[in-house]
Amino acid sequence: YNPSTQTLSVDNIDMTDGTLTTPELDDYSISSTSVTPTGTTQTCTYSTSQSYEIDLGSTTGNITITLSGGPPAGTYGEMIIKVTQHNTINRTITWAGGTFEWPGGTAPTMSTGADAIDIYHFSTWNGGTNWFGSAIQAMA
C-alpha cells in the first residue's frame, strides 16, 4: 500500500467465503471460460466460472447445457452464458441442472443463422436449485 498515491496492489484475495462489507468496485471484470463441446452436452460449473462462452460449431447434435452448483443457499449468484450457433446447422438447447424459470414460463428458442449469438443470464438465491433466466438473442 502506498499512502501517497492511495494505491493497493494485491495479486489474489481469498476470503474463504467471508464477508466484505460495503465495498466500492471500479473497473472490475469476471473471468470467462471458453468451451467447445464435441458431443451433445456441456456442463457449466459455478465453482469453476460464472461466465461461459460456448461455441456449438463442433457439436454432433442438439445440446443439453447443465448448470452445476451455485453459491451457498441464502446468497445471490449468477451465471452468464454466451452461446454461438453452429455455422451451418441450427442447433437447439435443453437446459438442465435445476429448475429454470423464464419470462412467460417458456425457455427461449436458440437463434438460428450461421454463428448467431445468444446471451443467457441466470440468477439464483437458493444455491442453484432454481435459476431465473433471461436471454438477449440474435446478436450476430
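Presented here is an overview of the structure given in this document. (Residues numbered from 1 in each chain as written. Predicted model: local features only at pLDDT ≥ 70, side-chain atom pairs only at ≥ 80, totals over all residues. Heavy atoms only, no water.)

## Section: the pattern of salt bridges
One pass over the structure, following the stated rule, counts one salt bridge. Ionic pairing is found between Lys82 and Glu53, a salt bridge with its closest N-O pair at 3.9 Å. Of this pair, Lys82 sits in strand 5 (residues 77-84) while Glu53 sits in strand 3 (residues 51-55), and the two are 29 residues apart along the sequence. Judged by relative accessible area, which is 30%, Lys82 ranks as partly exposed. Looking at Glu53, the relative accessible area reads 32%, which means it is partly exposed. (Salt bridge = Lys/Arg side-chain N within 4 Å of Asp/Glu carboxyl O. Helix = DSSP H or I, 4+ residues; strand = E, 2+ residues; numbered from the N terminus. Buried < 20%, exposed > 50% of the residue type's maximum accessible area, 1.4 Å probe, protein only.)

## Here we look at unusual backbone geometry
Most peptide bonds adopt trans geometry, and most residues besides glycine take a negative phi value. Unusually for a residue other than glycine, Asp27 sits at a positive phi of about 60°. Within the secondary structure, Asp27 is located in the segment before strand 1 (33-35).

## Let's talk about the packing of aromatic side chains
The full count for this structure, using the stated rule, is ten aromatic pairs. When the ring of Tyr76 is compared with that of Trp125, the centres are 5.0 Å apart and the planes differ by 55°; the resulting orientation is tilted. In this pair, Tyr76 is assigned in the loop between strand 4 (63-68) and strand 5 and Trp125 in the loop between strand 8 (117-124) and strand 9 (130-136), connecting sequence segments 49 residues apart. Tyr76 gets classed as partly exposed once you look at its relative accessible area, which sits at 40%. Summarising the aromatic geometry, the rings of Phe122 and Trp131 are spaced 6.5 Å apart at their centres and angled 85° between planes, so their arrangement reads as edge-to-face. Classification of Trp131 as buried rests on a relative accessible area of 0%. Through a chain of ring-to-ring contacts, the aromatic side chains of Trp95, Phe100, Trp102, Tyr120, Phe122 and Trp131 assemble into a single cluster. (Phe/Tyr/Trp six-rings, centres within 6.5 Å; stacked < 30°, edge-to-face > 60°.)

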